Amino acid sequence: MELIKLIVRNTGRHRLRSVLTILGMAVAILAFCLLRTVVDAWYAGVAGASPNRLVTRNAVSLIFPMPISYKQKILQVPGVSKVTYANWFGGVYVDEKQFFPRMAVGAESFFDLFPEFIVPPDQLRAFMNQRNACIAGRKLIDKYGWKIGDAIPLTGNIYPGEWRFVLRGIYRGASKSTDETQFFFRWDYLDEALKKTSPFRSGQAGWYVVQIENPVESQDVSQAIDALFKNSSAETLTETEKAFQLGFVAMTDAIVISIRIVSFVVIGVILMVLANTMAMTARDRMSEYAVLKTLGFGNTFLFLLIAGESITIAMCGGILGMGLTFPTAAVFSKELGTLLPIFHVGWVTLLMGSGVTVGIGLLSALLPAWRATRVEIAEALRHIG
Amino acid sequence: MTEARSLPEEPIVVVDRVSKSYRRGAQVVDVLREINLLIDRGSFVALMGPSGSGKSTLLNLIAGIDRPDAGRLIISGTDITQLGESNLAQWRTHHIGFIFQFYNLLPVLTGLENVELPLLLTGLSRKIRREHAMVALELVGLPHRVHHYPKELSGGEQQRVAIARAIVTDPTLIVADEPTGDLDKASATEVLTLMDQLNREFGKTIIMVTHDPHAAEKAGIIRHLDKGVLNSDWA
Ligand SMILES: Nc1ncnc2c1ncn2[C@@H]1O[C@H](COP(=O)(O)OP(=O)(O)O)[C@@H](O)[C@H]1O
Ligand SMILES: [Mg+2]
C-alpha cells in the first residue's frame, strides 16, 4: 500500500517528463496496435478460411478456368459432401477506384457452403428466382446506399460488355471477421450471356469450392480430386481454403514483413526513451535510495519502487495508446473501406499491446534498479548537499 | 578507555582497533588507524575534529552503513562486522536512528509519512504506526505540521521531523552527522535542546559529529579525531 503511494507520487514528481514519456509511449503503442491491425486485416481472409473447405483450381494458373462438368466428378470423390463454383468477374462499378470483389457463383450451392454469409431466406429465394439477381454485403450496401430492387450496373473487363444486376439480397457476416464487402451474382446468368457473345468461354468455372466431411482428410481428398483430372486438358490443383487464400497474400509478404518490422522498431525506440527517462530519474534519486537503504529497506523494495514507477508510466501510455487505437482504427476502416474490408482491433493485438507495454516498463527499470541496489550508502550520502 | 571499563555496565558501543582506508586512484588514504572507542549506554558523545579527519567515516562504521577494513564493532552486544548485508540492514532498522546534516526526508512524503517510513519494516499495523509517528512528532514539537511536505517546512522543522523519524523505532543508538550544520543559530539551538532532552529525559545514547563547539557543549563527552587517531577529553 505505502509502496504504491510512493510509486504514484514519484511518478508525478517530474510532471513534464512523465507526461511526455507517457505521450510517447501512447503514440508507440497506438502505432504498434494499428500496424498489427493492418497485418491482421491483410490476413483476414486467411483467418476466416474454413478448415473443412478445399479449393480446386486449374493447376497451371488461377486465370485458366476448368470445365463445369468437373463439379459432378468431384462430388463422386469419397469424403466430399458438397461442391460449389465461382468465377472472378472483375469489372468496374462507376470508376476504377470503387473496388470490391465481384464474383459469379453457383446460385444453388454457394451460400450453402458459406454459412458465414447470412442471407435472409426470402431474399435467398428471390435470388434463386431471378437470373440477373445479385446479393451484396452489408458494408457495400451502406457505402453505396443501395436498396433491394436497385439495378446495379457493372462494366465488364474480363467479361466485356455492360452488365446490369438487380439487388435481391443483403448478407451480413456471421462474425466480425467475415468480409461484408463482396458482391455475388449468378454463374448461370454469366454463362448464358457468354453462350451468346463468346461461346468458347462458356461452361467454365474459375474455381471449385469443395466441402469435405472431415478436415483431417483434406490431404487425401485433395489428392483424390487432382488424380481424377490427371492427364486431362485442365489438370487441377486442390488445396485447403487457407492455403489458397495464403497464396494470394503471399505475393505481398515483403510488405507485411516490413510492416511487422516497423512495428517492432517503434517499440524498440520507445523502450530506449523510457529506459532513458528511468535512468535519469533514478540518477536524480540515488541519495533517496541511499537513505531508504540506511533505514533498512532492501533491494527488493528498491526494485519494486523503480519498476513500479516505470511500469506505471508505461501502462498509462499503453492504455492511452490502446484506447486511441479504436477511434483511429474506425477512421482507417472508413477511409480504407472495401480495400481492407476486415479492419478491427483484435484481442490478440490488445493482448500483445499489453504485453509489450508491461515488458517495456519492466525492461526500462532493470538498469536503474540494478544501479540502485549497488549504491554504496556511505558513498552516496557523501554527495548530498 | 580505562574510565569506561570501570563502569559496571558493558559499553553500548565498542570500537575495537578499527581501521579504514579509501583508495583514491593509485593513492591509498588511511582515514582511521586502529581506532578504539567505548561509549556507555545513555551518554551523549560529540565527535569533533577538522574536516576530512574521518568523523563521518567512524560514525558510518558504528551505524553499520559502511564496513571497516579491520577491527570489530560491537554494538549492544552484536559484532556487526559479522553480519551479512540483509541482516545488517535489519539490524539498522531496529537499533539505529539516523539524523543527517541535510535532513534527507523523502520529498514525496508528508512529515507524518516520513516519520512512519522506518516503521514499515517492523510489521506494525497501520494504525499503530500512525500512533507511534504522532507521538514522535509531538515529542519534537511538530504535531501541527504533520501533513506538510518537507519543502513546506523550514530547515529547523525538517530536522525535527528527521529527529522524529530517528526515534520512532525506539533505537538503541542515535547517530547524527552534523545535525546543525545546515541550520541558522536559533534552529540549531532548538535541535540541540531537543537532542539534549532525548538524552536526559529518555536516556537515549547519542553520537553526534560536529565541528561546532557550541553544539559540542551540549554533549557530555567530547572526543577529538585527528589524522585518524582519537584523543579524549571531558567536557
Ligand atoms: N568513499 C570514499 N572514497 C574516497 N575517499 C573517501 C571516501 N569517504 C571518505 N573519504 C575520504 O576520507 C577522509 C575522511 O572523510 P570523512 O569521514 O567524511 O571526514 P569528516 O567527516 O571528518 O569531514 C576524507 O579525506 C575523505 O576525502
Ligand atoms: Mg563529515
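Every chain is numbered on its own, with residues counted from 1 as its sequence reads. Whichever chain is written first becomes A and whichever ligand is written first becomes 1, with later ones labelled in order. Reporting of local features is limited, given that this is a predicted model, to residues whose pLDDT is at least 70; pairs of side-chain atoms are given and counted only at 80 or more, and all residues count toward the totals for whole chains, interfaces and linings. Where side-chain values are given, they derive from all heavy atoms of the structure, hydrogens and water being excluded.

Between chain A and chain B, the residue contacts involve 19 residues of the former and 26 residues of the latter. The largest per-residue losses of area from chain A upon contact with chain B belong to Glu 2, Arg 9 and Leu 295 of chain A, which jointly make up 28% of the total buried on that side. Salt bridges are defined as contacts in which a side-chain nitrogen from Lys or Arg sits within 4 Å of a carboxyl oxygen from Asp or Glu. Between chain A and chain B we count 4 salt bridges in total. Note that Glu 2 of chain A and Arg 129 of chain B form a salt bridge whose closest N and O atoms lie 3.5 Å from each other. N or O atoms within 3.5 Å of each other form a polar contact, as long as, within protein, one can give a hydrogen and the other can take it, and as long as residues adjacent in sequence are counted only when both atoms are side-chain atoms. Our count for the chain A to chain B interface comes out at 8 residue pairs in polar contact (both at pLDDT 80 or more). Secondary structure elements with two or more residues in the side of chain A that touches chain B: α1 (2-11), α12 (286-295) and α15 (377-382) of chain A. Only DSSP runs of H or I with at least four residues qualify as helices, and only runs of E with at least two residues qualify as strands; both kinds are numbered from the N terminus onward. When residues of the side of chain A that touches chain B are assigned to their parent elements, the largest contribution, 6 residues, is made by α12 of chain A. Between two residues, a contact is recorded if the distance between any of their heavy atoms is within 4.5 Å. Buried surface area refers to the total accessible area, computed with a probe of radius 1.4 Å, that the two partners give up upon joining, counted for both partners together.

Let us look at the packing of helix α2 (residues 15-42) of chain A against helix α11 (residues 253-284) of chain A. All names here are of chain A. Between α2 and α11, the shortest axis-to-axis distance is 9 Å and the interhelical angle comes to 165°. With respect to α11, the element α2 is oriented roughly antiparallel. Our pair here, α2 against α11, has a crossing hand that is left-handed. A breakdown of the residues in the contact of α2 with α11 according to their chemical character gives 18 nonpolar, 5 polar and 4 charged. Angles here are taken between N-to-C directions and fall from 0 to 180 degrees, while the axes themselves are lines fitted to C-alpha atoms, restricted in helices to the stretch in contact. The scheme is simple: roughly parallel for angles under 35 degrees, roughly antiparallel for over 145, roughly perpendicular for 65 to 115, oblique for anything else. Handedness of a crossing is defined here by the sense of rotation of the near helix relative to the far one, left-handed for an anticlockwise turn of less than a right angle and right-handed for a clockwise turn. Residues are grouped as follows: Ala, Val, Leu, Ile, Met, Phe, Trp, Tyr, Cys and Pro are nonpolar; Asp, Glu, Lys and Arg are charged; all remaining types, including Gly, are polar.

We now examine the sheet that holds strand β4 (residues 70-75) of chain B. Paired through their backbone hydrogen bonds, the strands of a sheet run either parallel or antiparallel. All names here are of chain B. Two strands pair if DSSP finds at least two bridges between them. Strands sit in the order β2-β1-β4-β5 across an open sheet of 4 strands; the sheet is antiparallel. What marks the edges here is a single partner per strand, and that holds for β2 (27-39) and β5 (78-79). Here strand β1 (residues 13-24) pairs with β2 via 9 bridges, running antiparallel. Considered in β2, the bridge of Arg 24 is made with Gln 27.

Turning next to the pattern of salt bridges. Summed over all chains, the structure comprises 29 salt bridges over all chains. The salt bridge involving Glu 116 of chain A is made with Arg 53 of chain A; its shortest N-O contact spans 2.6 Å. Separated by 63 residues along the polypeptide, Glu 116 of chain A in the loop between α5 (110-113) and β5 (117-118) and Arg 53 of chain A in strand β1 (residues 53-58) bring together distant segments of the chain. Exposed residues in this analysis have more than 50% of their type's maximum accessible area, buried residues have under 20%, and partly exposed residues fall in between, with area computed by a 1.4 Å probe over protein chains only. The class of Glu 116 of chain A is buried, set by a relative accessible area of 18%. If you follow the salt bridges from partner to partner, you end up with Glu 2, Lys 5 and Arg 9 of chain A together with Glu 113, Glu 116, Arg 126, Arg 129 and Arg 130 of chain B in one network.

On to the site of ligand 1. Close contacts around ligand 1 come from 13 residues, with Glu 379 of chain A together with Arg 24, Gly 52, Ser 56 and Thr 57 of chain B the closest. We call a residue near a molecule or strand as soon as one heavy atom of that residue lies within 4 Å of the molecule or strand. In this structure, ligand 1 is bordered by residues of chains A and B. One of the side-chain N or O atoms of Arg 382 of chain A is found 3.0 Å from an oxygen atom in ligand 1. Here an oxygen atom of ligand 1 sits 2.8 Å away from a polar atom, N or O, in the side chain of Arg 24 of chain B. Out of a free accessible area of 560 Å², ligand 1 has 80% covered by protein chains. Put simply, ligand 1 lies in the second largest pocket. Taken together, the elements giving at least two residues each to the shell around ligand 1 come down to α15 of chain A together with β1 and α2 (55-62) of chain B. Residue classes in the shell around ligand 1 are distributed as 3 nonpolar, 6 polar and 4 charged. Shrake-Rupley sampling with a 1.4 Å probe provides the accessible areas, and residues are treated as covered by the protein chains on show and by no other component. Using protein atoms alone on a 1 Å grid, points that fit a 1.4 Å probe yet trap it form a cavity, whereas open point sets bounded by protein on both sides within 12 Å along at least five of seven lines form a pocket; residues with an atom within 4 Å of a point count as lining. A pocket or cavity is taken to hold a molecule when more than half of that molecule's atoms are within 2 Å of the pocket's grid points.

Phi at Val 94 of chain A is positive, roughly 65°, even though this residue is not glycine. Given the relative accessible area of 67%, Val 94 of chain A is considered exposed. The backbone of Arg 17 of chain B shows a phi angle near 45°, a positive value even though the residue is not glycine. Tracing the backbone through its elements, the reader meets Arg 17 of chain B in strand β1.

Attention shifts here to the packing of α11 of chain A against helix α14 (residues 347-374) of chain A. Residues and elements named next belong to chain A. Close contact between α11 and α14 brings their axes to 8 Å; oriented N to C, the two are set at 35°. Crossing angle aside, the handedness with which α11 passes α14 is right-handed. Taking contact as the criterion, the partners of Phe 264, Ile 267, Ile 270, Leu 271, Leu 274, Ala 275, Met 278, Ala 279, Ala 282 and Arg 283 in α11 are, on α14, Met 352, Val 356, Ile 360, Gly 361, Leu 363, Ser 364, Pro 368 and Arg 371. Looking at side-chain class alone, the contact of α11 with α14 contains 14 nonpolar, 2 polar and 2 charged residues.

Quick look at the packing of aromatic side chains now. All names here are of chain A. By convention, a stacked pair of Phe, Tyr or Trp rings (six-membered ring in the case of Trp) has centres within 6.5 Å and planes under 30 degrees apart, an edge-to-face pair has planes over 60 apart, and any other such pair is tilted. Within the structure shown, the criterion is met by 37 aromatic pairs over all chains. Ring plane angle 55° and centroid distance 5.9 Å describe the contact between Phe 100 and Phe 183, whose orientation is recorded as tilted. Taken together, the residues Phe 100 in the loop between β3 (80-88) and β4 (102-105) and Phe 183 in strand β9 (residues 183-186) connect sequence positions 83 residues apart. The pair formed by Phe 100 and Phe 183 is uniform in burial state, with each residue classed as buried. What links up through ring pairs into an aromatic cluster is the set Phe 89, Tyr 93, Phe 100, Tyr 144, Trp 146, Tyr 159, Trp 163, Phe 165, Phe 183, Phe 185 and Tyr 189. We call a charge positioned over a ring when the NZ of a Lys or the CZ of an Arg lies within 6 Å of the ring centre and within 35 degrees of the ring normal. Sitting above the plane of the Phe 100 ring, Arg 102 keeps its charged end 4.0 Å from the centroid.

In short, shape yes, function no, at least from these values alone.
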